[in-house]
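Observations on the three-dimensional arrangement
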Amino acid sequence: FRGIFASHLVSSHIMPVSRIALLLCVLVWPALVWGGNQASTGGSAGSNAQARLLVAKQIQNKYLVEGKDIVVKYSLYNVGESAALNVLLSEKGFGEQDFDVVGGQMNVRLDRLAAGANHSHVVVVRPKRFGYFNFTAAEVKYQPSEEIQTIQVGYTGTEPHQAPIIALRDYEKQFSSHMLDWLAFAAMTLPSLGIPFLLWTSSKSKYEAIARSKKD
């Protein structure tokens, strides 16, 4: 983490993730790495039937909170005319020192993603501490067709997007039901209300007994 997330940042309003640009996507064209080296691919350079992957990385949570699960969804779309082969999606942005992996895998391999098809993958991580965090890009590698042997490389974003992970105490201060606070308040106020009531009940019973004895 870089910097400390001050508690006053959430004292009046906690900014939801929807207000932060965390949708990281890029259209991965083979020209990124294929360039002008078509003759060295060993396949048919004149073929236009190639896979083109659209890759998106989305944070599903409205708020990012220390110690609470964060759901990250990865979506791959093949908008090309050929199947993408040997697709490898790698995520290295959630280090062990900052996050625990609760569910899913950081590296996903697909043997084949047909033209016009899509694939989704979900990872659940849990932040160990609060502060500002850079959500960096995930990497995708694939072979654009059976004829083209060159592996294409793309990313879900070109720049890191920074977002705050809220301290658990600040989140609970604003959103919890405060049940423990109400129980503590009741425990503290019970003696100040209960003792006078008991004294009044005792006095009332005493005077009622005296009044009945005088009537008799």
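Residues numbered from 1 in each chain as written. Predicted model: local features only at pLDDT ≥ 70, side-chain atom pairs only at ≥ 80, totals over all residues. Heavy atoms only, no water.

As annotated in an unreviewed UniProt entry, the chain carries the name Translocon-associated protein subunit beta and comes from Tigriopus californicus.

With that settled, the discussion passes to the overall build of the chain. Scanning the chain from N- to C-terminus turns up three helices and 11 strands. Starting at the N terminus and walking to the C terminus, you meet the elements of the chain as β-α-β-β-β-β-β-β-β-β-β-β-α-α. Buried positions account for 34% of the 216 residues belonging to the chain. Here the analysis covers contacts within the chain between residues at least 6 apart in sequence; of these, 76% occur between residues at least 24 apart. A total accessible area of about 13,000 Å² is found for the chain, and carbon and sulfur atoms account for 55% of it. (Helix = DSSP H or I, 4+ residues; strand = E, 2+ residues; numbered from the N terminus. Buried < 20%, exposed > 50% of the residue type's maximum accessible area, 1.4 Å probe, protein only. Contact = heavy atoms within 4.5 Å. Areas by Shrake-Rupley, 256 points an atom, 1.4 Å probe, with all protein chains shown as cover.)

With that settled, consider the side chain of S90. Of note, S90 is situated in strand β4 (residues 84-90). A distance of 3.2 Å separates a polar atom in the side chain of S90 from a polar atom in the side chain of N107. Beyond its immediate sequence surroundings of up to four residues, S90 is in contact with M106, N107, A138 and E139. (Polar contact = N/O pair within 3.5 Å; in protein donor to acceptor, adjacent residues only side chain to side chain.)

This paragraph deals with the sheet that holds β4. Within the open sheet, the four strands sit side by side as β6-β4-β9-β10. Their pairing is antiparallel. The sheet is open, and its two edges are formed by β6 (107-113) and β10 (152-155), each paired on a single side. Averaged over neighbouring strand pairs, the angle between their axes works out to 20° when direction is ignored. Pairing analysis gives six bridges linking β4 to β6, with the strands arranged antiparallel. Directly across from V87, in β6, lies its bridge partner L110. (Pairing = 2+ DSSP bridges. Axes fitted to C-alpha atoms, helices over the stretch in contact; angles between N-to-C directions.)

The subject of this paragraph is the nonpolar core. L53, L76, V87, L89 and F94 are the most contacted members of the largest nonpolar core, which totals 27 residues. Only β2 (53-59), β3 (70-78), β4, β6, β7 (118-127), β8 (131-135), β9 (139-143) and β11 (161-165) provide two or more residues apiece to this core. If you tally residues by element for this core, the top one is β3, at four residues. Apart from the residues lying within four places of it in its own chain, the contact partners of L76 are L53, L54, V55, V87, L89, L113, A117, N118, H119 and V140. (Core = buried A, V, L, I, M, F, W, Y, C linked by side-chain atoms within 4.5 Å.)

At N86, a position not held by glycine, the phi torsion is positive, near 50°. Position of N86 among the secondary structure elements: in strand β4.

A few words on the packing of aromatic side chains. Under the defined criterion, the tally for this structure stands at seven aromatic pairs. Here F94 and F133 contribute two aromatic rings whose centre-to-centre distance is 6.2 Å and whose plane-to-plane angle is 15°, an arrangement assigned as stacked. Here the residue F94 occupies a position in the loop between β4 and β5 (99-103), and F133 occupies one in strand β8, the gap between them amounting to 39 residues. On the accessibility criterion, F94 (8% relative accessible area) is buried. According to the relative accessible area criterion, F133 is buried, its value standing at 7%. (Phe/Tyr/Trp six-rings, centres within 6.5 Å; stacked < 30°, edge-to-face > 60°.)

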